[in-house]
Amino acid sequence: MTKVALPVTGDEVTGPGEGEKVKIFDVENDLIKLVEEYPNPALHAVAARGAHMLKSALDKGAQVFLVTEMGPQESGYSRERPRLS
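Residues numbered from 1 in each chain as written. Predicted model: local features only at pLDDT ≥ 70, side-chain atom pairs only at ≥ 80, totals over all residues. Heavy atoms only, no water.

Engineer: When you look at the nonpolar core in this model, what are you seeing that I'm missing?
Structural biologist: Within soluble globular proteins, side chains that are nonpolar generally end up buried alongside one another. Counting residues in hydrophobic clusters, the biggest one holds 10 residues: A5, V22, I24, Y38, A42, M53, L54, A57, A62 and F65. Elements with a minimum of two residues in this core: β3 (21-28) and α1 (49-59). A per-element tally of this core places α1 first, with 3 residues. Listed in part, the 5 residues of the second largest apolar core include V4, L6, V8 and F25. (Core = buried A, V, L, I, M, F, W, Y, C linked by side-chain atoms within 4.5 Å. Buried < 20%, exposed > 50% of the residue type's maximum accessible area, 1.4 Å probe, protein only. Helix = DSSP H or I, 4+ residues; strand = E, 2+ residues; numbered from the N terminus.)

Put into structure tokens, the structure is as follows:
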């Protein structure tokens, strides 16, 4: 089973520092199950906002991230972390 995290606003996937919420799904073969949804902590951060979202999802066991874009701070943070798509 793989845990996948997405920053979202409504039904739209966004950048990690922009989404209103973070959704975490368990994915196994063809089964996809929403296991957690919470407010994006990046929205309250002053700098490197996306890194706050990434860290929060890592702390909840996320292994893969689906995002629309990332800034240089998040790219550096994630270089040796889980797979980003």
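That was the structure; now back to the text.
Engineer: Teacher, can you tell me more about the pattern of salt bridges here?
Structural biologist: Opposite charge on two side chains permits pairing when their charged atoms draw close. Taken as a whole, this structure holds 4 salt bridges when the rule is applied. With a shortest N-O distance of 3.6 Å, K21 and E37 are connected by a salt bridge. Within this pair, whereas K21 is found in strand β3, its partner E37 is found in strand β4 (residues 31-39), the two being separated by 16 residues in sequence. Using a relative accessible area of 39% as the deciding quantity, one classes K21 as partly exposed. Residue classification places E37 among the partly exposed positions, given a relative accessible area of 37%. Between E36 and K60 there is a salt bridge; the shortest N-O distance is 2.8 Å. Note that E36 is positioned in strand β4 and K60 in the loop between α1 and β5 (64-65), a separation of 24 residues in sequence. The exposure class of E36 is partly exposed, given its relative accessible area of 29%. (Salt bridge = Lys/Arg side-chain N within 4 Å of Asp/Glu carboxyl O.)

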